[in-house]
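This is what each chain is made of:
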There are 2 protein chains.
Amino acid sequence: MSTAATRATGQDHLWSVTEHLEDILATVRPLDPIQLQILDAQGCVLVEDVMVPVSLPPFDNSSMDGYAVRVADVAGASEEYPAVLTVVGDVAAGQSELLHVGPGQTARIMTGAPLPPGAEAVVPVEWTDGGLGEGPVSGMRARSTSPEGASGQVHVHRPAGARAHVRAKGSDVNAGDRALSAGTVLGPPQIGLLAAIGRGTVRVRPRPRVVVMSTGSELVQPDGELENGQIYDSNSFALCAAARDAGAIAYRVGAVADDAETLRATIEDQLIRADLVVTTGGVSVGAYDVVKEALSSVGDEDEAGGGIEFRKLAMQPGKPQGFGTIGPDHTPLLALPGNPVSSYVSFELFVRPAIRTLAGLDDVHRPTTRATLRTDKSLTSPGGRRQFLRGRYADGEVTPVGGAGSHLIAALAHANALIVVPESVESVESGTEVDVVLLG
Amino acid sequence: MSTAATRATGQDHLWSVTEHLEDILATVRPLDPIQLQILDAQGCVLVEDVMVPVSLPPFDNSSMDGYAVRVADVAGASEEYPAVLTVVGDVAAGQSELLHVGPGQTARIMTGAPLPPGAEAVVPVEWTDGGLGEGPVSGMRARSTSPEGASGQVHVHRPAGARAHVRAKGSDVNAGDRALSAGTVLGPPQIGLLAAIGRGTVRVRPRPRVVVMSTGSELVQPDGELENGQIYDSNSFALCAAARDAGAIAYRVGAVADDAETLRATIEDQLIRADLVVTTGGVSVGAYDVVKEALSSVGDEDEAGGGIEFRKLAMQPGKPQGFGTIGPDHTPLLALPGNPVSSYVSFELFVRPAIRTLAGLDDVHRPTTRATLRTDKSLTSPGGRRQFLRGRYADGEVTPVGGAGSHLIAALAHANALIVVPESVESVESGTEVDVVLLG
């Protein structure tokens, strides 16, 4: 059986990056929608058309602090010949019982307060004497300290046309309008609109839950003591952060030792909280590649096409990769190589699009652009493999950071782009136009 | 006293957008740094230079699954005339006791495992018969099922030069190198690098904690029943989401009724968890503008320059604004107008830069660009005010969405940019180049 595992022709087929990605995207399906509080739905994709149940604003209201008037009463008013009106009271925002404004009368009105019956327009307080009888004012006195402002007389210095400073009912949205379409990603203004039309919850695809697990008996947690032959676990941290960055809720599982039974049990244990499992390490052709060992024999035994398949990809870094589904819910699992740079590049190319597909986003890929390569020495790349080099991109130019070695995690931390060298190219000179993946 | 409040000359001075923003940025200071777990520090700004305590990789190790060999033993090897070596055992990753490879000997070695003493290079398993005696193999058999692979003989089909497939100690980073500089924003690759060099915690500026509070007796929570004159609270939702989007931990406080004492008590109560307080509503010239009423008299009484100042800004929307500091810790507070679009635009212009300044980020502003205006009718703008119109930007062109009315929250939800019409301009024709703020 292990001979079959190392000698099967499927193992020798080199998959292209594109084939592998297509296989993943053809398998991963958007998560089932759930009803969420609008603030919990931030960043999520709406799955329903949201209709407006009530017109906004729901009533004619004042756009200024001022006085609600009848147009005829202020016609021809000026500072020299003001219209003198009797203040019958205040209309504050949120006030439900309305005054009636008769001829020669006015109501003091606050921004957002409903236009009282009888009134046709609002004159801003700055166009009046505010009831003080001493020329124009810049604002009202607070009701709490000067209750007399809601009565007495006010001098109005300017006329107002019908509907002046009145926001008409329904002038923002009308009941029955479509507020937001299915497929909208909910950002702050969309959440504001939902609240404004009275929607406290909304039907969206939830954030994908991603379990990130690194494997390797050589791995020690940061702040621990390194013994001979050990290194610190960095993949579970980097990929957990990257999964969050892609929009997921990420659960980091500490490094699991190279023991197939332990690994299988740990993965099965985690499935309860996983929409996607990502492992690193143990996928190559060594005798201790336990991810491969544990998962090659864990199929969805009742289902055709289940199980995890291990592949060689025509790419550098990141040649060995595993992908498939696992467990009763056919949870997708991506098994990435263990080298930190290989796993990070693999995450960007394969896991990020999978997470964004689960989230129901249309836009699953990083933006790409063309850039002019600036380098002291030409880049070399193995023929037949798509190479991804770390680079710094700015203003249409890209410069490689670090070398092609897949272990340059320090260089990765200073890169903001991946330089793509296609399969057919073995050398790229400075000044050449190259494809660049922008790492946000 | 209330007459003074409405008639003071400070109230009549029109502040420019730039002056107000400069005043905010001159007052708000980056938060004091704290030590955080690296995954909790995602998105935060590092305040220390992080040095490498241990070289990476910490020891010479194999970059392939294969066999650790002495160069002389495999010189001239070919498939026809293989070098035949005695396998003395396995070197797995994480293994601390090392085998010694003598002349004519080899150790099976896994990717990442330390190069054993005596060996000078690694030949990949694909260049050997894997000990099976049947020509080249594509990988090793799992140790668990085929323990005999760690002994016996192996045929090597190709020579290897000194250090072939060996990653040298320190080839990624050397002890004493600077891994990351103070000021770095910690994204996934930086978190990966920190873990890789053994740093479990790091000193960063924390995410700012922002309390968002809407005010207004007319406000009803979404899913509630609207009575006459009432509207739904949307500001606390939209700005809470926007604060998170700017990198903050946001706490939403439901709408507070227009009562100065309640408001003052609520704000004082919230200060314990606030690095910044944002209120909406109650800042204009009405008789029920309780934010203004409550906060104009709440100074830092022992401190010169404390307290909240209410201003008129030469902008549309968003003319009335309050800013200052409050409480024993001089917590900054921004009091935004209550209209949903005014408050959102004010947030973008003033609160977002304040949050990002608290976080210690260099890059506090939204990106801006120039775009060609595409519109059926020319835009009009009040002279002397900087106007911000909602627009959709794409490919160097921007189209207005909705009108200039400050209550078009539905239009805001379909905008991705603000079109800036400067103070000196009263009309803009289609085809004109305009400044555009890109809303991410």
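Note that the structure is a prediction, hence the values are computed from the model and not measured.

Enquirer: Give a detailed account of the overall build of chain A, specifying residues and quantitative values.
Expert: Counting its regular elements, chain A contains ten helices and 29 strands. In summary, chain A has a C-alpha radius of gyration of 33 Å against a globular reference of 22 Å for 440 residues, an excess of more than 25%. Taken along its principal axes, the extent of the C-alpha atoms in chain A is 100 × 55 × 45 Å. Placing the 34 positive and 53 negative side-chain charges of chain A at their respective mean positions leaves the two points 2 Å apart.

Enquirer: Quick rundown of the sheet that holds strand 1 (residues 14-15) of chain A? Include the residues and the values.
Expert: Sheet strands line up and pair through hydrogen bonds in the backbone, either parallel or antiparallel. Residues and elements named next belong to chain A. The seven strands are arranged 1-19-21-22-18-14-17 in an open sheet whose pairing can be described as mixed. Sheet topology places strand 1 and strand 17 (249-256) at the edges, where each strand pairs with a single neighbour. Taken together, the five bridges between strand 14 (residues 209-215) and strand 18 (residues 276-280) define a ladder with parallel strand orientation. Residue pairing for strand 18: V212 is matched across the bridge by V278. Of the strands in this sheet, strand 14, strand 17, strand 18 and strand 22 (331-336) touch helix 6 (residues 235-245), which is tilted by about 170 degrees from strand 17. Packing of helix 7 (residues 260-270) onto the sheet brings it into contact with strand 14, strand 17, strand 18, strand 21 (320-326) and strand 22, and relative to strand 14 it is tilted by some 170 degrees.

Enquirer: I'd like a description of unusual backbone geometry, backed by residues and values.
Expert: The residue after L56(A), namely P57(A), is reached through a cis peptide bond having omega -15 degrees. Summarising the element assignment, P57(A) is placed in the loop between strand 4 (50-51) and strand 5 (61-62). Look at the link from Q316(B) to P317(B): it is a cis peptide, with omega at -5 degrees. Examined against the element boundaries, P317(B) turns out to sit in the loop between strand 20 (315-316) and strand 21 (320-326). Of note in the backbone geometry, R163(A) takes a positive phi value of approximately 70 degrees without being a glycine. Relative to the assigned elements, R163(A) resides in the loop between strand 10 (153-156) and strand 11 (166-167). Using a relative accessible area of 39% as the deciding quantity, one classes R163(A) as partly exposed. One non-glycine residue, H330(B), lies in positive phi territory at about 50 degrees.

Enquirer: Mind laying out the relation of the copies chain B and chain A, listing which residues take part and the relevant values?
Expert: Here chain B sits on chain A after a turn of 180 degrees about the axis and a move of 0.0 Å along it, with an RMSD of 0.1 Å. What the rotation and shift describe, once combined, is the action of a two-fold rotation axis. The residues that chain B uses at the interface reappear at the interface of chain A in 100% of cases, marking a shared surface.

Enquirer: Give a description of the domain arrangement of chain A that names residues and reports values.
Expert: Residues and elements named next belong to chain A. Annotation of chain A at the domain level lists domain 1 (2-31 + 207-358), domain 2 (34-53 + 174-205), domain 3 (61-167) and domain 4 (368-438). The partner domain 4 presents 14 residues to the 16 residues of domain 1 that form the contact. Between domain 1 and domain 4, a total of about 1300 Å² is buried, with carbon and sulfur atoms accounting for 63% of that surface. Looking at the side of domain 1 facing domain 4, the largest losses of area belong to A314, Q316 and V341, adding up to 40% of the total buried there. Across the contact surface, domain 1 and domain 4 share zero salt bridges. If you look at where domain 1 meets domain 4, you find six residue pairs in polar contact (both at pLDDT 80 or more).

Enquirer: Tell me about the environment of R203(A), and name the residues and values.
Expert: Residue and element names in this part refer to chain A. Summarising the element assignment, R203 is placed in strand 13 (residues 201-205). On a C-alpha basis, the gap between R203 and Q221 in space is 40 Å, while along the polypeptide they are 18 residues apart. With near-sequence residues (within four places) excluded, R203 lies in contact with P33, I34, Q35, V45, L46, V47 and E48.

Enquirer: Quick one: what's the story with the packing of aromatic side chains, residue by residue and with numbers?
Expert: Per the counting criterion, the structure on display carries zero aromatic pairs over all chains. Stacked on the ring of W127(A), the Lys or Arg R158(A) has its end atom at 3.8 Å from the ring centre. Over the aromatic face of F237(B) sits the side chain of R252(B), whose NZ or CZ is 3.8 Å from the ring centroid.

Enquirer: Let's hear about empty space enclosed by the protein: which residues, and what values?
Expert: Overall, the coordinates contain two cavities of 30 Å³ or more when judged by the stated rule. Along the walls of the largest cavity sit P189(A), G192(A), L193(A), N235(B), A238(B), P340(B), Y344(B), I409(B) and L412(B), which together make up its complete lining. Here the lining of the largest cavity gets three residues from one element, more than from any other, and that element is helix 5 (residues 188-196) of chain A. The class makeup of the residues in the lining of the largest cavity is seven nonpolar, two polar and no charged. In this structure, the second largest cavity occupies an estimated 30 Å³ of space.

Scoring rules and cut-offs
Sequence order as written defines the numbering, with residues in each chain counted from 1. To read the labels, note that chains go from A and ligands from 1, taken in the order they are written. Per-residue local features of the predicted model are confined to residues with pLDDT of at least 70, and side-chain atom pairs are confined, for both listing and counting, to 80 or more; whole-chain, interface and lining totals are unaffected and use all residues. Excluded from the side-chain calculation are hydrogens and water; included are all heavy atoms of the structure. For helices the rule is a DSSP run of H or I covering at least 4 residues; for strands it is a run of E covering at least 2, with both sets numbered from the N terminus onward. Atoms considered for the radius of gyration are the C-alpha atoms alone. The globule rule reads 2.2 Å times the number of residues to the power 0.38. In this tally, Asp and Glu contribute negative charge and Lys and Arg positive charge; neither His nor the terminal groups of the chain are included. Throughout, a charge is located at the NZ atom of Lys, the CZ atom of Arg, the CG atom of Asp or the CD atom of Glu. Here a strand pair is declared whenever DSSP counts at least two bridges between the two strands. For this analysis, residues touch if any pair of their heavy atoms sits within 4.5 Å. For every element, the axis is a line fit to its C-alpha atoms; helices are fit only across the contacting stretch, and the angle between N-to-C directions ranges from 0 to 180 degrees. The buried label goes to any residue with under 20% of its type's maximum accessible area, the exposed label to any with over 50%, and the partly exposed label to all in between, with areas taken from a 1.4 Å probe on protein chains only. Copies are brought into register by a least-squares superposition over C-alpha atoms of residues with pLDDT of at least 70 in both. Boundaries of every domain are those given by an automatic assignment or by a domain database. When two components associate, each loses some accessible surface as probed by a 1.4 Å sphere; the sum of these losses over both components is called the buried area. One side-chain nitrogen of Lys or Arg within 4 Å of one carboxyl oxygen of Asp or Glu is enough to make a salt bridge. Polar contacts, as used here, are pairs of N or O atoms within 3.5 Å; protein pairs need one atom able to donate a hydrogen and one able to accept it. Residues neighboring in sequence count only if both atoms are side-chain atoms. Stacked, edge-to-face and tilted are the three classes for Phe, Tyr and Trp ring pairs, Trp counted by its six-membered ring, which pair at centre distances within 6.5 Å; planes under 30 degrees apart are stacked, over 60 edge-to-face, the rest tilted. Any Lys NZ or Arg CZ found within 6 Å of a ring centre and within 35 degrees of that ring's normal is scored as a charge over the ring. Cavities and pockets were defined on a 1 Å grid built over protein atoms only: a cavity is a set of grid points that admits a 1.4 Å probe from which the probe cannot escape, a pocket is an open set flanked by protein on both sides within 12 Å along at least five of seven lines, and lining residues are those with an atom within 4 Å of any such point. Grid points are joined across faces, edges and corners, and a volume is the space filled by probe spheres set on the points. The residue classification treats Ala, Val, Leu, Ile, Met, Phe, Trp, Tyr, Cys and Pro as nonpolar and Asp, Glu, Lys and Arg as charged. All others, Gly included, are polar.

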